[in-house]
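Each chain, written out:
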Amino acid sequence: MGLVKNQVLDVLKQYGVEFQVYDHPAVMTCEAQMEALAGVDGLVTKNLFLRDKKRRQYLITALPETKVDLKVLSARLGCGKGGLAWASEELLAESLQVEPGCVTPLALANSDSCKHVLLLVDQKLQAPGCKFFVHPIVNTASVLLDSAGLDSFIKSIGRTPIYADLEADPKIDKDNPPDLKH
């Protein structure tokens with residue numbers, strides 16, 4: 001069984017991450033989260049859980065308006081064109097140990113089950129003064145933090161986030177290797 005909301009919040013506190021928690025009704029979309037958090041200053045994020053043909057797993061955290069082209073991202077990760085797909089609900093439960101609608105980088109605190117998940121974060125979230133929301137394992141609350149707080153949390157669990165321009169479409173060929181391959 002994975003961590004629960006209060007345990008994840010305790011990890012944030014333990015590592016001195018500055019954050020605020022906002023409880024709200026369950027939300028399944030970015031639009032619903034924006035509505036639930038109306039009047040609160042911060043940006044909503046979308047979180048995509050993907051897998052490739054070799055069962056490698058990727059967690060993408062981005063602004064809702066960031067266009068993430070899976071074919072381009074697949075090539076940038078070295079998976080070949082069309083090598084990425086949405087992870088199944090079973091894989092979501094097995095790896096991140098969350099339910100659909102609750103995908104979050106904070107689920108990486110379930111370190112034993114998701115040690116092979118690569119975290120890619122929209123570089124727009126590093127803008128000075130940018131604060132954004134992620135779920136604390138459940139979709140009935142949102143945590144407001146900044147990229148320094150996310151970095152501190154991710155590094156505290158022995159991981160490194162990769163910030164990238166998720167809309168970039170660089171040339172990839174024998175002279176230009178995949179820029180996000182790990």
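Residues numbered from 1 in each chain as written. Predicted model: local features only at pLDDT ≥ 70, side-chain atom pairs only at ≥ 80, totals over all residues. Heavy atoms only, no water.

Side note on helix α5 (residues 147-156)
Basically, it comes down to this: Only protein chains enter the accessibility calculation, which uses a 1.4 Å probe; a residue is then buried when its area is under 20% of its type maximum, exposed when over 50%, and partly exposed in between. Secondary structure elements are defined from DSSP: runs of H or I of at least 4 residues count as helices, runs of E of at least 2 residues count as strands, and each element is numbered from the N terminus. Every residue pair with non-hydrogen atoms within 4.5 Å of one another is taken to be in contact. Each polar contact in these results corresponds to two N or O atoms within 3.5 Å; when the atoms are within protein, one needs to be able to donate a hydrogen and the other to accept it, and residues that are neighboring in sequence are counted only if both atoms are side-chain atoms.
Here α5 has its buried residues at Ser147, Gly149, Leu150, Asp151, Phe153 and Ile154. Contacts made by the buried residues of α5 are with α1 (5-14), β6 (117-122), β7 (131-134), β8 (141-146) and β9 (162-164). One side-chain oxygen of the residue at the start of α5 lies 3.3 Å from the amide nitrogen of Ala148, identifying that residue as Asp146. Among the residues trailing α5, Gly158 stands out with phi positive, at a value near 80°.

Comments concerning the environment of Val138
With respect to the helices, strands and loops of the structure, Val138 is situated in the loop between β7 and β8. Residue classification places Val138 among the partly exposed residues on the basis of a relative accessible area of 25%. Separated by 91 residues in the primary sequence, Val138 and Asn47 place their C-alpha atoms 13 Å from one another. If near-sequence neighbours (up to four positions away) are discounted, Val138 is found in contact with Lys5 and Cys102.

A few points about the pattern of salt bridges
The test is simple: Within this document, salt bridges are pairs made up of a side-chain nitrogen of Lys or Arg and a carboxyl oxygen of Asp or Glu, the two lying within 4 Å of each other.
Applying the stated criterion across every chain yields a total of six salt bridges. A salt bridge links Arg76 to Asp179; the nearest nitrogen and oxygen atoms lie 2.8 Å apart. In this pair, Arg76 sits in helix α3 (residues 70-76) while Asp179 sits in the segment after β9, placing the two residues 103 residues apart along the sequence. Using a relative accessible area of 3% as the deciding quantity, one classes Arg76 as buried. For Asp179, a relative accessible area of 40% gives the class partly exposed. Notably, a salt bridge pairs Glu167 with Lys124, separated by 3.0 Å at the nearest N-O pair. In this pair, Glu167 sits in the segment after β9 while Lys124 sits in the loop between β6 and β7, placing the two residues 43 residues apart along the sequence. Residue Lys124 is classed as partly exposed on the basis of its relative accessible area of 33%.

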